[in-house]
Amino acid sequence: MPQVAQLIGDLTASKEAPKQYRAGYTLNGDTGTGSTGPFDPNSELITTNDDILRKMGLDPKAWIIEGNIHQWSKQMQDGTMRVSIFAGFHRRTEENDRAARDLAKLIVPVAPHEIPNGDGDPLVFVISDPQVGKLDEKGGTPQLIRRYENMLSQVASIARDQKPSRIIIADCGDSIENLFNYSNQLSHLDLTLDQQLAQWQRMFIQAIQTMRQYCDDITVTAVPSNHGEVRNAMKAQTGNGDYGIGVLQQISDAYTLIGSWHPTFVFPDSEWSDCSHIDVNGHMVLFTHGHNSGKQDKIPKWIEGQAANRDSPFATADIIVTGHYHNRRYLTSHGRHIVECPTLESSSNWLYKTAGEWSQPGVTIFNVGVRGLHGLRFIDYMPEHKEKP
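All of the points below concern the structure found in this document. Keep in mind the model is a prediction, meaning the values are calculated, not measured.

**Section: the packing of aromatic side chains**
Then, in step 1: Scanning the entire structure with this criterion turns up seven aromatic pairs.
Then, in step 2: Pairing Trp200 with Phe204 gives two aromatic rings, centres 5.1 Å apart and planes at 20°, and the pair type is stacked. In this pair, Trp200 and Phe204 are both assigned in helix α5 (residues 193–212), four residues apart and thus about one turn of the helix distant. Across this residue pair, the class does not change: Trp200 and Phe204 are buried.
Then, in step 3: Ring plane angle 85° and centroid distance 5.8 Å describe the contact between Tyr255 and Trp261, whose orientation is recorded as edge-to-face. Just as Tyr255 is buried, Trp261 falls in that class too.
Then, in step 4: Cation over ring: Arg212 sits above Trp261, and NZ or CZ is 4.5 Å from the ring centre.

So, in structure tokens, the structure goes:
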């Protein structure tokens, strides 16, 4: 009789599961998505990514899970549960494995020891619009690195003094300049695309390793953006990849290979999502590049529209962080804090030429206490600043 009940439960769950959670997989060249199909977690143990791939019918030696893992669950009439797991994956190649190993070499291993977290409120550190590889009248990559390391040193000093209980590091988009955003872009580059990606990887890892000195509990995230889109010539292929998210995945893989200490990595909910969100001290902090709003002045209205969808993360977000417009601003709307970050690239000449606006380059930090956002600061380039020993 229990076997009959099990069979009925399996058949019922298979019919009621949403389409994407039904057993099987779809391949598109060297990438794909798949689902385990509904199973009883009490009778079938699936605990690793390799287990998920095997349940999909794939060989873990040939494929590797990529990005976020999603789960559907439902209780059957007999009280048992059925769960189905959906995930993306890509082909495991020597080139991919070698890239992760090479990236791992860039991370300086540290001797295993306990770093006590402070009792200060969590610190959020946002890097937006560095557009690595861009060259204009105020300089290119060397000037960007000098500016970035100076600001990173200032944030490190603040973290040392605050002793935060947790640090969140966010890439709010446009981490690289890319090649195909506008017709004459090639004449405004000092790095090729592969060099842009390698440089941004180093810079992002540098931020993680620097903040690691002051807190052991570190969460890292990134969001899709217009300069990050994987494009076919001048045509954006929305939903088909983002270089910023790809860098985040490579960095996560590198820390996994090292195997000693691993930050928490938070990705967008799906390849179609334009945001990531993290619960910080009981407050939902949402990061999005903001380019889909159309204009900077329309951001509050755009957020209101997104939040009208009850299933959207915007609906429950208390603090929303954006980039894109290269112009720092803070406002509140419908009870939400909206932090619009400055650019890290040199001159915001795009903003100046299109809107007559101009903003100093910088990075953004703020704290999240029990009562919400406080301590918002825009960190500017200070050539005289040197981190205290």
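**A closer look at helix α2 (residues 49–56)**
Then, in step 1: Among the residues making up α2, those that are buried are Asp51, Ile52, Leu53 and Met56.
Then, in step 2: Trailing α2 by a residue or two, Gly57 shows a phi angle of about 100°, which is positive.

**A look at the sheet that holds strand β13 (residues 319–322)**
Then, in step 1: The strand order across the open sheet formed by five strands is β11-β12-β13-β15-β14, and the pairing between neighbours is mixed. Of all strands in the sheet, those with a lone pairing partner are β11 (275–280) and β14 (329–333), marking the two edges. Neighbour to neighbour, the strand axes of the sheet diverge by 20° on average, direction disregarded.
Then, in step 2: Where β13 and strand β15 (residues 336–340) come together, four bridges link them in parallel fashion. For Thr322, the partnering residue across the bridge sits in β15 and is Glu340.
Then, in step 3: Packed onto the sheet, helix α7 (residues 299–307) meets β12 (283–288), β13, β14 and β15 and runs at close to 130° relative to β15.

Analysis parameters
- Residues numbered from 1 in each chain as written.
- Predicted model: local features only at pLDDT ≥ 70, side-chain atom pairs only at ≥ 80, totals over all residues.
- Heavy atoms only, no water.
- Phe/Tyr/Trp six-rings, centres within 6.5 Å; stacked < 30°, edge-to-face > 60°.
- Helix = DSSP H or I, 4+ residues; strand = E, 2+ residues; numbered from the N terminus.
- Buried < 20%, exposed > 50% of the residue type's maximum accessible area, 1.4 Å probe, protein only.
- Lys NZ or Arg CZ within 6 Å of the ring centre and 35° of its normal.
- Pairing = 2+ DSSP bridges.
- Axes fitted to C-alpha atoms, helices over the stretch in contact; angles between N-to-C directions.
- Contact = heavy atoms within 4.5 Å.

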